[in-house]
Amino acid sequence: MEHARHYQPIKISILLYVVLVSITPLVLIMTIAGYSFHTAYRDKVEVQLVQLVEKHRQTVNSFLNEKGADIRVIAHSLSFAQLSDDSALAGILATLQEQHAGVFVDLGLVNQKGEQVAYAGSFKLARADYSTADWFKQAKGREFYLSDVFLGLRGLPHFIVAVRVPFAGQNYILRATIDFVAFNELVENISVGETGLAFIINSRGEFQTKPRVDLSSEVPAILDLIKKNIDLAKERAKAAESVAVPAYKSQERLPVHFFTHRPDKGSSVISVMTPLKGGDWVLVFQQEEREALARLYQTRMVLAAVFLLGALAIIAMAFLLSRRVISRIAQVDTEKEMMNERVIEAGKLASLGELAAGIAHEINNPVAIMVEESGWIGDLLEEKEFGDTDNIREIRRALAQIRTQGGRCKEITHKLLSFARKTDPTETEVDPNALAEEVVGLSEQRAKFAQVKVEAALADGLPRIRASASEMQQVLLNLLNNAMDAMDKKQGGKITISTRFADGMVVFDVADTGMGIPEANLQRIFDPFFTTKPVGKGTGLGLSICYGIIRKMGGKITVNSAVGQGTCFHIHVPVSEQKGRPETSLV
Amino acid sequence: MEGTETSRKGKGPLRLLLVDDELGYLAVLEKRMGKRGMKVTAVPSGSEAIGVLRRSDFDVAVVDLKMEDMDGIEVLKVFKKMVPEMPVIILTGHGSEKAAREGIAMGAYDYLTKPCGLEELIAKIREAASAGRDTADKV
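Bear in mind that the values here come from a model prediction, so they are computed numbers and not experimental data.

(A) Just the overall build of chain B, in detail. A tally of helices and strands in chain B yields five helices and five strands. N-terminal to C-terminal, the α/β element order of chain B is β-α-β-α-β-α-β-α-β-α. Going through the 139 residues of chain B one by one, you find that 55% of them count as buried. Sequence-distant contacts in chain B: of pairs separated by 6 or more residues, those separated by 24 or more amount to 61%. Of the roughly 6,000 Å² of accessible surface on chain B, 50% is carried by carbon and sulfur atoms.

(B) Focus on the nonpolar core. Residues and elements named next belong to chain A. Core analysis: the largest hydrophobic core is formed by 50 residues, its most contacted members being Ile71, Leu174 and Phe183. The dominant element in this core, judged by the number of residues it contributes, is helix 1 (residues 2–77), at 11 residues. Each of domain 1 (2–175) and domain 2 (190–292) accounts for three or more of the residues forming this core. Leave out the neighbours within four places in its chain, and Ile71 touches Leu96, Phe104, Leu107, Val161, Val163, Leu174 and Ala176. Among the nonpolar cores identified, the runner-up in size contains 42 residues, and Ala469, Leu479, Ile571 and Val573 belong to it.

(C) Focus on the sheet that holds strand 4 (residues 88–93) of chain B. All names here are of chain B. Across the sheet, five strands lie side by side as 2-1-3-4-5; this open sheet has parallel pairing. At either margin of the open sheet sits one strand with a lone partner, and together these are strand 2 (39–43) and strand 5 (110–114). Along the sheet, successive strands turn relative to each other by an average axial angle of 20°, direction set aside. Pairing analysis gives five bridges linking strand 1 (residues 15–19) to strand 2, with the strands arranged parallel. Paired with Val19 across the bridge in strand 2 is Val43. Lying on the sheet, helix 2 (residues 46–55) is in contact with strand 1 and strand 2; it crosses strand 1 at an angle near 160°. Strands in contact with helix 4 (residues 97–105) are strand 4 and strand 5; relative to strand 5, the strand with the most contacts, it is inclined by about 160°.

(D) Helix 1 (residues 23–35) of chain B, seen in detail. Residue and element names in this part refer to chain B. Taking 1.5 Å per residue as the helical rise, helix 1 with its 13 residues ought to reach 18 Å, and the 18 Å between its terminal C-alpha atoms agrees with that figure. Turning to helix 1, its buried residues number three or more, namely Tyr25, Leu26, Val28, Leu29, Arg32, Met33 and Lys35. Gly37 sits one or two residues past helix 1 and shows a positive phi near 90°.

(E) View of the sheet that holds strand 1 (residues 104–110) of chain A. Residues and elements named next belong to chain A. One open sheet holds the five strands; their spatial order is 2-1-5-4-3, and the pairing between them is antiparallel. Two strands lie at the open edges of the sheet, namely strand 2 (116–120) and strand 3 (144–146), each paired on one side alone. Across this sheet, the average inter-strand angle for adjacent strands is 15°, counted without regard to direction. Where strand 3 and strand 4 (residues 158–167) come together, three bridges link them in antiparallel fashion. Paired with Phe144 across the two strands is Val163, which belongs to strand 4. Strands in contact with helix 3 (residues 86–100) are strand 1, strand 2 and strand 5 (170–179); relative to strand 1, the strand with the most contacts, it is inclined by about 150°. Against the sheet, helix 5 (residues 180–188) makes contact with strand 4 and strand 5, and its axis sits at roughly 60° relative to strand 5, the strand it touches most.

(F) Representation of the packing of helix 10 (residues 432–449) of chain A against helix 11 (residues 469–485) of chain A in the model. Residues and elements named next belong to chain A. In the contact formed by helix 10 and helix 11, the axes pass within 10 Å of each other and the chain directions differ by 40°. Accordingly, the angle class assigned to the pair helix 10 and helix 11 is oblique. With respect to the hand of their crossing, helix 10 and helix 11 are arranged in right-handed fashion. Residue-level inspection shows Leu435, Glu438, Val439, Leu442, Ser443, Arg446 and Ala447 of helix 10 in contact with helix 11, the latter providing Ala469, Met472, Gln473, Leu476, Leu477, Leu480, Asn481, Met484 and Asp485. The residue makeup of the contact of helix 10 with helix 11, split by class, is 10 nonpolar, three polar and three charged.

(G) Structural context of a negative patch on the surface. All names here are of chain B. On the surface, Glu48, Glu68, Asp69, Asp71 and Glu74 cluster together into a patch of negative charge. With respect to the secondary-structure elements, Glu74 resides in helix 3 (residues 72–82). Note on Glu74: relative accessible area 38%, which makes it partly exposed.

(H) Quick look at the pairing of strand 14 (residues 505–512) of chain A. All names here are of chain A. For strand 14, the tally of buried residues reaches seven of eight residues, placing the bulk of the element in the interior. Remark: two residues form the turn of the hairpin made by strand 13 (residues 493–502) and strand 14, two consecutive strands paired antiparallel; Asp503 in that turn has positive phi of roughly 50°. Bridge count between strand 14 and strand 16 (residues 566–574): seven bridges; the pairing is antiparallel. Residue Val510 lies in a different strand from strand 16, and its bridge partner there is Phe569.

(I) Up close: the packing of helix 2 of chain B against helix 3 of chain B. Residue and element names in this part refer to chain B. Where helix 2 contacts helix 3, the two axes come as close as 10 Å, and the packing angle between them is 10°. With respect to helix 3, the axis of helix 2 lies roughly parallel. Facing Gly46, Ala49, Ile50, Leu53 and Arg54 of helix 2, the residues of helix 3 in contact are Val75, Val78, Phe79 and Met82. For the contact of helix 2 with helix 3, the per-class residue count stands at seven nonpolar, one polar and one charged.

(J) Geometry of the packing of aromatic side chains. Residue and element names in this part refer to chain A. Per the counting criterion, the structure on display carries 12 aromatic pairs over all chains. Judged by centre distance (4.6 Å) and plane angle (55°), the ring pair of Phe80 and Tyr172 falls under tilted. Of this pair, Phe80 sits in helix 2 (residues 80–83) while Tyr172 sits in strand 5, placing them 92 residues apart in sequence. Using a relative accessible area of 13% as the deciding quantity, one classes Tyr172 as buried. For the pair Phe526 and Phe569, a centre-to-centre distance of 6.4 Å together with 80° between the ring planes defines the contact as edge-to-face. Of this pair, Phe526 sits in the loop between helix 12 (519–522) and helix 13 (542–552) while Phe569 is found in strand 16, placing the two residues 43 residues apart along the sequence. Exposure remark for Phe569: the relative accessible area of 7% places this residue in the buried category. An aromatic cluster is defined as three or more aromatic residues linked by ring pairs; in this entry it consists of Phe63, Phe159, Phe183 and Trp281. Above the ring of Phe63, the side-chain terminus of Lys67 is found at 4.2 Å from the ring centroid. One Lys or Arg, Arg72, reaches over the ring of Phe144 and ends 4.1 Å from the middle of that ring.

About the cut-offs
- Residues numbered from 1 in each chain as written.
- Chains lettered and ligands numbered in written order.
- Predicted model: local features only at pLDDT ≥ 70, side-chain atom pairs only at ≥ 80, totals over all residues.
- Heavy atoms only, no water.
- Helix = DSSP H or I, 4+ residues; strand = E, 2+ residues; numbered from the N terminus.
- Buried < 20%, exposed > 50% of the residue type's maximum accessible area, 1.4 Å probe, protein only.
- Contact = heavy atoms within 4.5 Å.
- Areas by Shrake-Rupley, 256 points an atom, 1.4 Å probe, with all protein chains shown as cover.
- Core = buried A, V, L, I, M, F, W, Y, C linked by side-chain atoms within 4.5 Å.
- Domains from an automatic or database assignment.
- Pairing = 2+ DSSP bridges.
- Axes fitted to C-alpha atoms, helices over the stretch in contact; angles between N-to-C directions.
- Expected span 1.5 Å × (residues − 1).
- Parallel < 35°, antiparallel > 145°, perpendicular 65-115°, else oblique.
- Left-handed = near helix turned anticlockwise from the far one by under 90°.
- Nonpolar A, V, L, I, M, F, W, Y, C, P; charged D, E, K, R; others polar.
- Patch = residues over 30% accessible without salt bridge, like charges linked within 9 Å, V, L, I, M, F, W, Y side chains within 5 Å.
- Salt bridge = Lys/Arg side-chain N within 4 Å of Asp/Glu carboxyl O.
- Lys, Arg positive; Asp, Glu negative; His and termini not counted.
- Charge placed at Lys NZ, Arg CZ, Asp CG, Glu CD.
- Phe/Tyr/Trp six-rings, centres within 6.5 Å; stacked < 30°, edge-to-face > 60°.
- Lys NZ or Arg CZ within 6 Å of the ring centre and 35° of its normal.

As structure tokens, this is what we get:
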């Protein structure tokens with residue numbers, strides 16, 4: 001838990017940095033790409049809709065101009081007598097209806113007072129009085145007039161094309177009624193998707209065509225938009241004029257505009273509009289934004305999903321990565337701690353070794369003198385003058401005892417020095433049996449305490465091995481110590497160290513009757529820092545060092561183990577190739 | 001038990017130069033070897049030993065490795081320059097075998113680990129004296 005708390009801030013930092021560094025570019029890319037796509041797509045939709053409206057503006061204009069031109073031609077080419085004759089008018093109407101598929105409903109000639117003097121058509125409007133009609137008032141002072149849609153005397157929606165016909169000092173008006181249905185079709189056909197619709201509205205907010213859905217509640221908003229549109233168009237025109245481009249010359253050529261507004265119903269609507277009939281009418285196309293930009297919204301959803309998945313993947317990766325890094329750091333820290341412990345332990349051992357070596361050296365000389373002095377007494381006692389009394393015999397026995405004990409002291413100091421001396425990696429020729437015996441001797445004391453019996457089973461006539469005596473001793477002592485650790489503390493056990501010759505190599509077998517090594521651990525026992533001993537008791541380096549030493553010598557180390565029965569290590573060491581003079585006091 | 005050791009030339013007692021700065025050890029060895037018929041010259045330092053060797057001949061020299069003024073290896077080098085045919089046995093403490101082996105590489109006859117038994121030492125001295133005689137004969 002302490003460790004976890006220690007590494008938590010590092011883990012969080014790594015996590016945050018990775019997430020920040022990875023997600024920031026992702027967000028930037030998504031934002032830039034998203035914005036660019038959004039703009040490009042809107043522009044594309046705008047261009048499409050503007051083209052659509054522009055095309056229909058031309059269609060509506062052509063319709064109106066065509067019908068106006070027809071009536072003008074009739075007014076100017078026929079004589080007053082023909083125009084004021086009902087039957088002549090009926091003939092002309094029939095021709096018009098035939099040519100224009102029933103667009104013209106009726107024809108009439110109206111005098112200056114507003115009285116219809118001649119009429120051709122299906123309504124009973126002969127001699128009708130238009131003196132109070134709005135269209136008549138408007139048309140009276142003009143050469144040509146096109147009215148708004150109105151119900152009029154017939155009670156049906158229609159509009160009128162009126163042309164002035166001067167005759168005998170009076171201004172008559174030739175008027176033709178245009179069928180609303182035919183005109184309405186022109187605009188009604190502009191239908192895109194489910195929500196795209198078009199209509200014509202005049203500056204007073206009266207619909208000149210019938211929208212597919214009821215828009216009467218939105219008229220004020222539409223008028224407001226039209227006003228803004230016209231203002232904007234004027235501004236643009238002024239700007240264009242200032243750079244000497246005469247773009248805003250004709251009312252009919254007012255540019256089309258694109259507006260988005262959000263009515264109370266909660267959805268955004270795209271409106272494109274263009275003026276008609278000199279600005280009296282405006283052709284408006286509307287489509288809900290969600291439909292017009294459906295592809296854009298779909299792409300946005302895909303982008304959002306990609307971003308979300310990417311962000312999730314980044315967060316997951318950052319989490320995994322930080323966890324892995326932390327676990328590696330923790331492992332390295334643990335290894336470092338172990339190394340520190342080992343260095344401290346090695347330092348302690350080295351000090352202890354130096355101390356022991358110092359003491360052993362200091363003791364050696366006095367012991368040597370004592371032994372030699374007792375030998376000297378022995379030499380003197382050989383003189384005849386001392387004879388062979390009981391006391392002399394007792395003195396001789398005592399001297400022998402001094403020599404024996406001196407020998408023991410020598411043994412002890414030798415062992416102490418063997419243990420304490422620094423590892424000498426110099427390879428020499430080593431007698432394997434002498435090495436094994438010395439290791440058994442060195443571990444005698446510990447074995448006694450551990451109630452372990454250490455036996456040596458040495459083969460005769462073994463060749464010498466080429467090895468560092470102290471390193472080989474370290475390897476064998478390590479195996480012996482491990483074997484003793486593997487024994488039951490109360491029952492003890494037996495360790496056999498044997499030597500043999502096999503496959504051109506000298507083999508040391510260190511076998512114990514301990515608890516054995518489980519199969520799972522067997523593969524890992526030579527790995528550095530692998531230990532089954534309690535924390536602080538083992539560094540997990542002993543066998544790893546042994547492995548390294550033996551490999552360096554060109555040998556190999558293998559192990560057999562059975563849980564509950566014991567373990568046997570086999571160390572194969574190459575024999576010496578030199579056949580020089582044997583070194584008597586080696587090892 | 002007291003035999004008489006013979007010198008390099010085969011006449012008279014074996015002449016032994018014993019060099020060790022441990023005076024007690026030096027004294028008792030001198031007495032015991034003397035009793036065994038050797039002519040022992042016991043010297044407590046390397047520099048004195050060099051002086052003694054300048055004045056007298058010896059069949060074998062036994063030199064302690066660790067001494068205060070000059071160590072055994074330095075003494076050995078000088079001895080080998082002065083009297084190359086004289087065998088030199090090195091006495092070493094346990095654990096200093098590496099230095100002793102270096103001594104052998106420099107011409108020492110062999111080394112013994114202290115504390116060694118008198119009989120072992122005498123046997124080694126006899127062996128060395130015999131080897132020394134052979135060398136002298138060849139020379």
